[in-house]
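Next come the chains, spelled out residue by residue.
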Amino acid sequence: MAGFRQSEFFHNYTRSSSAIIGSGLMALFAFAVLAGPFLVAQNPYDIASLNLMDSYKPPIWLEGGDPRFWLGTDGQGRDVWASVLYGARISVFIGLVAMIASCIIGTVLGLLAGFYGGWLDAVIMRIADVQLSFPSILIALFLMSAVGTGVDKVLIALTAVGWVVYARTVRGSTLSEIEKEYVQAARVAGLPNHKIIRKHVLPNVLTPLIVIATIQVGTFVLIEASLSFLGVGVPITQPSLGLLIKNGFDVLFSGLWWTSVFPGLAIMMLVFGINLFGDFLRDELNPRLK
Amino acid sequence: MTDTPLLEVQDLRTYFHTFAGTVKAVNGVSFAVRKGEVMGLVGESGGGKSVVGFSILGLIDSPGKIEGGQILLEAEDLAQATEDRLRAVRGREISMVFQDPMTSLNPLHTVGRQMDEVLRLHSDLDAGARHAACVAMLESVGISRAAERLRAYPHQFSGGMRQRVVIAIAMLARPKLIIADEPTTALDVTIQSQILKLMRAQIAGTGAAMILITHDLAVVAEMADHITVLYCGNVVERGRTRDLIEAPSHPYTRGLIDSIPDTTRRLDRLSQIPGSVPDIRNLPQGCNFRDRCPRAQAICAETEPELTQQHASLMAACHFPLRPGDSA
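> Would you take a moment to explain the overall build of chain B for this structure?
Tallying secondary structure elements over chain B gives 10 helices and 12 strands in all. What you see for chain B is a C-alpha radius of gyration of 21 Å, in line with the 20 Å of a compact globule of 328 residues. Based on the C-alpha atoms only, the size of chain B along its principal axes is roughly 70 × 50 × 40 Å. The buried share of chain B, taken over its 328 residues, is 46%. Once local pairs closer than 6 in sequence are excluded, the contacts in chain B between residues at least 24 apart make up 65%.

> What am I meant to see in the interface of chain A and chain B here?
Interfaces are often described in size by the accessible area the parts lose on coming together. Tallying the contact residues gives 14 residues for chain A and 19 residues for chain B. At the level of elements, α8 (181–188) and α9 (193–205) of chain A are the ones that each hand at least two residues to the side of chain A that touches chain B. For the side of chain A that touches chain B, the element with the most residues is α8 of chain A, which contributes six residues. Counted by class, the side of chain A that touches chain B contains seven nonpolar, four polar and three charged residues.

> Can you help me understand the nonpolar core in this one?
Most often, soluble globular proteins have nonpolar side chains that are buried together. A168, L177, M210 and L212 of chain B are the most contacted members of the largest nonpolar core, which totals 165 residues. Among the elements that line this core, the one with the most residues is helix α4 (residues 80–116) of chain A, at 17 residues. Three or more residues apiece are contributed to this core by two domains, here domain 1 (7–231) and domain 2 (248–328) of chain B. Excluding residues within four positions of it along the chain, L212 of chain B makes contact with V38, M39, G40, L41, A180, V220, M223 and A224 of chain B.

> I'm lost on the domain arrangement of chain B in this one. Help?
Residues and elements named next belong to chain B. Examined at the domain level, chain B breaks down into domain 1 (7–231) and domain 2 (248–328). The interface of domain 1 with domain 2 comprises 12 residues on the first partner and 12 residues on the second. Contributing elements (two or more residues each) for the side of domain 1 that touches domain 2: β2 (21–33), α8 (217–223) and β9 (226–231). Sorting elements by how many residues they give to the side of domain 1 that touches domain 2 places β2 first, with four residues. Broken down by class, the residue content of the side of domain 1 that touches domain 2 amounts to eight nonpolar, two polar and two charged.

> Can you help me understand the sheet that holds strand β5 (residues 76–77) of chain B in this one?
Paired through backbone hydrogen bonds, the strands of a sheet run either parallel or antiparallel to each other. Residues and elements named next belong to chain B. Read across the open sheet, the four strands follow the order β2-β1-β4-β5; overall the sheet is antiparallel. The sheet terminates laterally at β2 and β5, the two strands that pair on one side only. Inspection of the sheet shows strand β1 (residues 7–18) paired to strand β4 (residues 64–73) by eight bridges, in the antiparallel sense. Note that in β4 the partner of F16 across the bridge is G64. Along the sheet, helix α1 (residues 49–56) contacts β1, β2 and β4; its crossing angle with β2, the most-contacted strand, is approximately 70 degrees.

> Sorry, what's going on with helix α7 (residues 189–206) of chain B here?
In an α-helix there are 3.6 residues to a turn, and that puts residues three or four apart on one side. Residues and elements named next belong to chain B. Across its 18 residues, α7 extends 26 Å between first and last C-alpha, which sits within 8% of the 26 Å expected from 1.5 Å per residue. All of the buried residues in α7 are Q192, I195, L196, M199 and I203. Angularly, the buried residues of α7 cover 105 degrees about the axis, an arc narrow enough to put them on a single face. Structural note: α7 exposes T190, A204 and G205 on the side pointing more than 90 degrees away from its buried face. Of the surrounding elements, those touching the buried residues of α7 are β3 (38–42), α6 (159–171), β7 (177–181), β8 (209–214) and α8. One or two residues past the end of α7 sits G207, with phi positive at roughly 75 degrees.

> Would you explain unusual backbone geometry in this entry?
Glycine aside, residues mostly have negative phi, and peptide bonds are mostly found in the trans state. All names here are of chain B. The backbone of E74 sits at a positive phi, close to 45 degrees, despite the residue not being glycine. Given 13 C-beta atoms within a 10 Å radius, E74 is considered partly exposed. Its identity is not glycine, yet A312 carries a phi of approximately 50 degrees, on the positive side. Tracing the backbone through its elements, the reader meets A312 in the loop between β11 (308–309) and β12 (315–316).

> When you look at the pairing of β9 of chain B in this model, what are you seeing that I'm missing?
Two faces, one strand: in a regular strand the side chains alternate between the faces of the sheet. All names here are of chain B. Among the six residues in β9, six count as buried, and that is most of the element. With burial as the criterion, each face of β9 is covered, one bearing H226, T228 and L230 and the other bearing I227, V229 and Y231. Bridge count between β3 and β9: four bridges; the pairing is parallel. Within the sheet, the bridge partner assigned to G40 lies in β9 and is I227. Pairing analysis gives six bridges linking β9 to strand β10 (residues 234–240), with the strands arranged antiparallel. Across the sheet, residue H226 finds its bridge partner in β10, namely R240. Here β9 folds back onto β10, and the loop between the two strands holds two residues, one of which, C232, carries a positive phi near 50 degrees.

Cut-offs applied
- Residues numbered from 1 in each chain as written.
- Chains lettered and ligands numbered in written order.
- Predicted model: local features only at pLDDT ≥ 70, side-chain atom pairs only at ≥ 80, totals over all residues.
- Helix = DSSP H or I, 4+ residues; strand = E, 2+ residues; numbered from the N terminus.
- Rg over C-alpha atoms; globule rule 2.2 N^0.38 Å.
- Buried ≥ 20, exposed ≤ 12 C-beta atoms within 10 Å, placed from the backbone.
- Contact = placed C-beta atoms within 7 Å.
- Nonpolar A, V, L, I, M, F, W, Y, C, P; charged D, E, K, R; others polar.
- Core = buried A, V, L, I, M, F, W, Y, C linked by C-beta atoms within 7 Å.
- Domains from an automatic or database assignment.
- Pairing = 2+ DSSP bridges.
- Axes fitted to C-alpha atoms, helices over the stretch in contact; angles between N-to-C directions.
- Expected span 1.5 Å × (residues − 1).
- Arc of directions from axis to C-beta.

In structure tokens form, the structure reads like this:
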């Protein structure tokens, strides 16, 4: 730990306000996601705890605000603050799991394509090219309308669009790594291919993935929110931040703005924090930008 | 020194089938290496030297292919061996030292781990014995505090030290043959001679043989017992080092020797071989060297010269070979 405190990375981190703000926002969401259920009295998805008499209460600083509901309530008398905390859990969960799945699948395919080349490379990379020629939201939308709504289906759709960027990056780095003499040396030493890939190539292609993975969590949160807003994302029983915006959007023009604005702010802060930190990582980990 | 060679390469042909045509990188190369001997493989860039090395190890990647010939390691033909057999040969019986010590070690693993990897693969020693073997090996290549240095990463070593580590890794499994592909080219001259001495001492200590691939005749003159000169994938001359350096019979070898700076002679201009290597995708008929050769005559454009016995121990492929005392 003392070594880390003296490292250039830590030094630059303490001097980068965007990195501190970004990681601060990420830490805030990490805390909210982990501790959320303990911070609020109401479970917004326990129908028994809802009271229709509490519906559409404004935030407490407005006239008619209820001290029990800081950010007001929605049409079912659901606490908006509690909904945001529970919704962020679902959004962050989907973003993280889809990122991990994409990263694993994309990295494996990229390594195989780059190391073995030939028809395997051609097939994997042509699929990737075709996918990249469409906007990812379009492919996700298409998949979701085909398979129906659900958290698991959102994860599948996001992974299906997310692996491409890893595969391409890893393939590129693999191609340049296997030209280096230490890979030749490993072959000359008689190491089998799977060991060369695992022990020599993989660790040397991972660095750029850290940046991609970080930024991708933000992208996935946004895509999931878009899908849910369009009604093809998560089911109504597990509302993510995007679905909360959609629910609130229906009554936005009736002046009941708080039901959609607060989930929207939450998404904005989450994605903003991830991107700020991702940019910092990109600058730090890319030797060519130094 | 025994009479049966450790490695005998006969009429090796390695071709690369590219879209732009077939590149005959190695086109009928024969030579032999005996135990305890250093064989220098010399030639210009693009002469097929490294391809010979990789062919011996069976590491020619598509679109390259060994099209013919035999690679006999103690009477076993490696050109016909299965991939499993070749993997057992690599590292254990034949190992390789590469040109650039900056990239021939994995930057993310400690030196100790990279050495241990070879022993895990090619010996059945336990962890303690492997560690002891690594320490002893590292000490024998002149790295002090070896046990401590095993835990260091490649970037913590200088270029010359890294090449020592690379040699240590190559020697670790006690191979019978070491292929050194331009082992000192990336090093500065003072380190060069240290590394050459070290390699000499290592093979003298273990009785291994070495193929030293280089474009630098000065290096082979110092190191090798025998020299094989390649030009455009063909052997143009071979023989004992002394004979070949003192009185080469092929004009190409003569040209290579004359282009070494010599401090005992006063020259206004260093001599060079005129022209450059022809495009090996479509080699001309006859002798490949004739366009650059001061002795070329009409017959050189028609028939390719065969490798024939010359004076002393030399074999050369030339219609008009030089005799001792001839000037080029």
